[in-house]
Amino acid sequence: MTIDKSWTQIRKRSNSTVFWQGLQSFLQMAKPHENDRGFIRCPCNRCINNAQHQLEVLETHIHRFGFMSDYNEWIYHGENVYTASSSNVMHPNSGVHDRDEMFEVLEDIISNDAEVDQLGSQSSNVQYDDLFTALNSELYPGVSSFSSLNFLVKLMHLKVMNKWTNKSFDELLKLLKLAFPKMDLVESHYEAKKLMTKMGLGYQSIHVCKNDCALFWNENSMLETCPVCFESRWKMQAGRWTGKNVPHKVLRYFPLAPRLKRLFATSKTAKLMRWHQSGKSTDDNVMRHPVDGRAWKDFDSKHTEFADDVRNVRLGLAANGFNPFNNMSISYSMWPVVLTTYNLPPWLCMKSEYLMLSLLIPGPQSPGKDIDVFLRPLIEELKELWENGIDTRDAGNDRKVFKMRAALLWTVNDFPARSSLSGWSGQGYKACPTCNENTPSMRVIGKIAYFGHRRFLPSTHRWRSNLDFDGRTDRKRPPRRFSSVDIMDQLRRVKNTIPGKHPNYGGVKRKRGDDELNWRKKTIFYELPYWAEIELKHNLDVMHIEKNICDSLLGTLMGDPHKSKDTDNARRNLQNLGIKSELHLYEDGNKLMKPAAEYTFSEANQRKFCRFVRSVKFPDGFAANLRKNVAQNDSRIVGLKSHDYHVIMQRLLPVGCRSLVNKTISSTIIELCTFFNQLCARTVNVTDMVKAQGQLVVILCKLERIFPPAFFDIMIHLVLHLPEEAILGGPVFMRWMYPFERNAAKPEGSISEGYVVDEALTFCSRYFDDIETRFNQPDRNDDDIHRTRRLFVFESQCKPMGKQSQVYVEKNMRDRAEFYILNNSPEIETYLNQHKQELQLHGCLNLDEAHRNEFADWFFEKIYAMNRVHAPEVTRELLSLASKSNIFVSSYPACIVNGVRFVTHARDVRLKTQNSGVFVPGTENEIFYGQLQEILEFSYLNDFSVVLFKCKWIRCDSRRMVTENNITSINITSESYKDDQFILASQAQQVFYVEDPSREDVMSDIDLLQDNSASNFTLFVDLGNLPQINLQRNDGDVIPIVQPFTAVSQHVNETVSFLNDDDEEDVSEEDDETVEESADEETDEGNDDVDTEEDDDDHSYHTSDSD
């Protein structure tokens, strides 16, 4: 039926009956297409389908402003007749399901990608013709539930989620076409990717000079030669032009503005972009997000107009090089530049789905000092977004248009990349960017050592006069703080440099003047109007600092000839300084002898430490299987990745070293490890960081008394500035390189094309509820919670796993279990107190025992008596609880509780993971440690059930629980509380045990508690009184916590957050299918390697003696 649209052309609308009748017909047709809030797009000449209003407002607007002239097919108001040829209209007889998710996807994409003044016009939607054609097509004749586009997008999403190869995808398409000849589907992965790209945001290819001098972009876009070095833009063969214009290098630039607009295109993310305002901490002393840091608050106070609109975007930038041909032994360095959005909540903003690739800097050489050349397009866009902003539709606010602005808060990089981005050289005597010209440093044989931290002590401290450090007293004042004004004054003295690597231009090495200090350039970031005033411009990367320090400590302790800092030159330097005479080299005949140092393990202790590392079994998903990194002869530990060092530094080194070196050395190492544990907390306490700042000075001075000066590279010195940066920027997990480290397998072009496709699929997946996507996939250890239950014990937070078996429980044990359930049901506390009072009135002598033995029967009679008179407080759940449990109980080998996997000890001993350790805090601050023996599910009437853990509890008296060198050791062979073995599964907290190298009969404990408390403990504490606990979050990131005095949290599934896409199959895990097997069947699964980066050596900052 043809719709009469002639009334829309009438200009004199006030007295026109035809216009009024046509408008009423239009409103009647549009009414069924209102959204769930009763709003619909307004096609008046003022709103032009940008804004959404109620029908009454539409009537007023169209009558007052007229109907937009170029809106000929009413696609938003009931005329669903898309024809892909010219008008993007769909025929009503197409048979495609009206609820197809792709309608909403394309609507949000088109409405946000189109220019504000062009939305709704046919010309603005021409690029989407192929998508509408696929949306208009049935997947198969007679199948109305799937459009061809919907099926293809979901199939491509499965390919990405499950890492299918392109070839396997092509083979699947062939099989589908063979099985279903009439299926409307593309022929190959290439065609599918080509179609998906139209939903992506694309990128720009910008030619680059072969010497990195300049971009052929904007004013240089038409040049044939470089404006700096005058080299040709095009590749030549034998000095001749080949006839094809092939550029030497191509920079891929992914424009930022449309990607930020996409975050507001759907209500699924638009509201999250305001989280930083509503979710910030109400306690000024607690930081859980950068918004709580001093740098963010200072920025807002200086730029109030920007801060007034919470939708304005705060960004962080990370740049890091990697070799896409790593497995082919080809030297190549490619640099992706990635942006993250700090408006989002902390559990989302560092997820890969919310990271935005901005630049892909080509190799084969690292950009080095010339990285500013490649950053030019991004900086220009950031300047535009700051000064003018961009019109954006906010799906979280009725699609109203607002002016979105954006600001770059800081960069996150390893130390060498930081030098390139900041302009301050990370080498030489003034390598520290914070200490600036006052960096404590000294020349040792072959390199520079960053030694002399006594200057940070109070001027009256006794160590100031001690000659044991370097043979001299130290009366120097601490380095002064350099303000933004001071830094700008220094930069004014820096000479302009020529960019590029041409040997006659930018590649000419020049010697810096004394007044230039360590500045190599004034970085391009200072072109941003606000950059000079930012307090924290470039973050020190805790990931690589911790990795390098642990590498130095471990290499020196183990006497590794390749990584030890205790070299011959280090010993000669001691002799030159006249200190530590017992370590000086001496000649024995014709041999040069090197005395053994007390900070180095003996050969026997090296093997002991290796056996200790080999024996450790971590909980599921906590860390890699480190036993694979221990050499067969137990002589050394090799092949560690950054996350392996993270776990060793914070978990294993404090326990493993304490019996292998003297107490002075081990306690100092433990204090340093404890600081990193505190620093990496998800919630940071400002007071703790202030205290840690002063305590770190003492720790570094202790290390200077132990190790030779050559041990102190720049990484160890930088630790001193980490607490201050935590106060400025907030929690470390949002400012380190773990989320940005990604391995890639293809060079620039393929990565760019793949990213655009993946970007489109990620956006589409937000709308899919019927398949598993990145946004709805269950957590690694997902449990079941029945929120509809009224009684706490029935509100199950446990998901049993594995083969179910029915066991008979003796009456005595079942009575104890049922009383424990009743006694831990807060809803029946009134009945528990009432029964005790009745026993007291009857003069009961042994009140507790009588209460334990008689309450269940008394409670049963009480509830049933109330039920007979229809008492309103007697619910089905209360009646079921009073009726006692079935005499047969279900037993399981494993279960998931509060997101943590528990496994019975009988099964745990056969696995490479350890998930049977349990601890429970008592009512009087005591802690009970144990091992999980059985997982029992007690069934009640009406299908209610309660899961209990039957545990073997360890006796923790003064003889069996020993605190030595700040580590608590427990003898796990002694059992206690044999008559009180049950706990609710939801009460269990996980702990894992490691063998104590200093005591063969005990195990040291490291606790992992699920808690949301803040990190709040003193650095110099007795760790024996502070069992470490773990915070389980749905984002998968790590937080060290300690209780009772503090809250340091360590995420059980910490490793998952830092996995590369190619390494996920290597995570420490116990396969669910294996759990389903019989408990009698042998299995041997566990932690595999977790590679957090392809090649950590690219980021190491060790200095060798030859430097």
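These remarks concern the structure in this document. (Residues numbered from 1 in each chain as written. Predicted model: local features only at pLDDT ≥ 70, side-chain atom pairs only at ≥ 80, totals over all residues. Heavy atoms only, no water.)

## Quick word on the overall build of the protein
And step 1. Broken down by element type, the protein carries 30 helices and 36 strands.
And step 2. Within the protein, the proportion of its 1107 residues that are buried is 57%. (Helix = DSSP H or I, 4+ residues; strand = E, 2+ residues; numbered from the N terminus. Buried < 20%, exposed > 50% of the residue type's maximum accessible area, 1.4 Å probe, protein only.)

## Quick notes on the sheet that holds strand E17 (residues 538–540)
What links the strands of a sheet is backbone hydrogen bonding, and the strands pair in either a parallel or an antiparallel sense.
And step 1. Overall, mixed pairing links the eight strands, which are arranged E4-E3-E7-E11-E10-E9-E14-E17 in an open sheet. Across the chains shown, the open sheet's two edge strands, defined by having one partner strand only, are strand E4 (215–216) and E17.
And step 2. The pairing of strand E9 (residues 313–319) with strand E14 (residues 406–413) spans six bridges and is classified as parallel. In the sheet register, Gly316 faces E14, and the bridge partner there is Trp410. (Pairing = 2+ DSSP bridges.)

## Quick word on the side chain of Asn343
And step 1. Secondary-structure assignment places Asn343 in the loop between strand E10 (335–341) and strand E11 (356–361).
And step 2. For Asn343, the side chain forms a polar contact with the main-chain oxygen of Asn312, separated by 2.9 Å.
And step 3. Of the polar contacts made by the side chain of Asn343, one reaches the backbone nitrogen of Arg314; its length is 2.8 Å.
And step 4. With residues up to four places along the chain from it excluded, the contact list for Asn343 reads Leu272, Met273, Trp275, His276, Val310, Arg311, Asn312, Val313 and Arg314. (Polar contact = N/O pair within 3.5 Å; in protein donor to acceptor, adjacent residues only side chain to side chain. Contact = heavy atoms within 4.5 Å.)

## Side note on the pairing of E11
And step 1. Summarising burial for E11: six of the six residues are buried, a large majority.
And step 2. Two elements, strand E7 (residues 249–253) and E11, share two bridges in a ladder whose sense is antiparallel. By the bridge assignment for E11, Arg252 is matched with Leu360.
And step 3. With five bridges connecting them, E10 and E11 associate as antiparallel partners. Within E11, the residue paired with Val337 across the bridge is Leu359.

## Observations concerning the environment of Pro181
And step 1. Locating Pro181 in the fold gives a position in the loop between helix H6 (166–179) and helix H7 (189–197).
And step 2. The sequence separation of Pro181 and Tyr140 amounts to 41 residues, and the corresponding C-alpha distance is 9.1 Å.

## Observations regarding the nonpolar core
And step 1. Leu260, Leu408, Ile549, Phe609, Leu653 and Phe676 are the most contacted members of the largest nonpolar core, which totals 177 residues.
And step 2. Ranked by residues supplied to this core, first place goes to helix H21 (residues 686–706) with 10 residues.
And step 3. Apart from residues no more than four positions distant in its own chain, Phe609 is found in contact with Leu554, Met558, Phe601, Ile637, Leu653, Gly656, Cys657 and Leu660.
And step 4. Membership of the second largest hydrophobic core comes to 50 residues, among which are Ile828, Val918, Leu936 and Ile983. (Core = buried A, V, L, I, M, F, W, Y, C linked by side-chain atoms within 4.5 Å.)

## Digging into the packing of helix H20 (residues 663–679) against helix H23 (residues 722–729)
And step 1. One way to put it is that H20 packs onto H23 with a least axis distance of 11 Å and a crossing angle of 10 degrees. Viewed along their axes, H20 and H23 adopt a mutual orientation that is roughly parallel. Residues Phe675, Phe676 and Leu679 of H20 form the contact with H23, whose own contacting residues are Leu722, Pro723 and Ala726.
And step 2. Of the residues that constitute the contact of H20 with H23, the class distribution is six nonpolar, no polar and no charged. (Axes fitted to C-alpha atoms, helices over the stretch in contact; angles between N-to-C directions. Parallel < 35°, antiparallel > 145°, perpendicular 65-115°, else oblique. Nonpolar A, V, L, I, M, F, W, Y, C, P; charged D, E, K, R; others polar.)

## A short note on the packing of aromatic side chains
And step 1. By the definition in use, this model includes 43 aromatic pairs.
And step 2. Relative to Phe254, the ring of Tyr203 lies with its centre 5.4 Å away and its plane at 40 degrees, an arrangement referred to as tilted. Of this pair, Tyr203 sits in the loop between H7 and strand E3 (204–208) while Phe254 sits in the loop between E7 and helix H8 (257–263), and the two are 51 residues apart along the sequence.
And step 3. Since its relative accessible area comes to 24%, Tyr203 is described here as partly exposed.
And step 4. When the centroid spacing of 4.2 Å and the interplanar angle of 10 degrees are considered together, the rings of Phe707 and Phe711 count as stacked. Of the two residues examined, Phe707 and Phe711, each falls in the buried class.
And step 5. The rings of Trp7, Phe19, Phe26, Phe67, Tyr71 and Trp74 are connected pair by pair, giving a single aromatic cluster.
And step 6. The positively charged end of Lys5 is found above the aromatic ring belonging to Trp74, 4.9 Å away from the centroid.
And step 7. Directly above the aromatic system of Phe402 lies the positively charged group of Arg311, at a separation of 3.9 Å from the ring centroid. (Phe/Tyr/Trp six-rings, centres within 6.5 Å; stacked < 30°, edge-to-face > 60°. Lys NZ or Arg CZ within 6 Å of the ring centre and 35° of its normal.)

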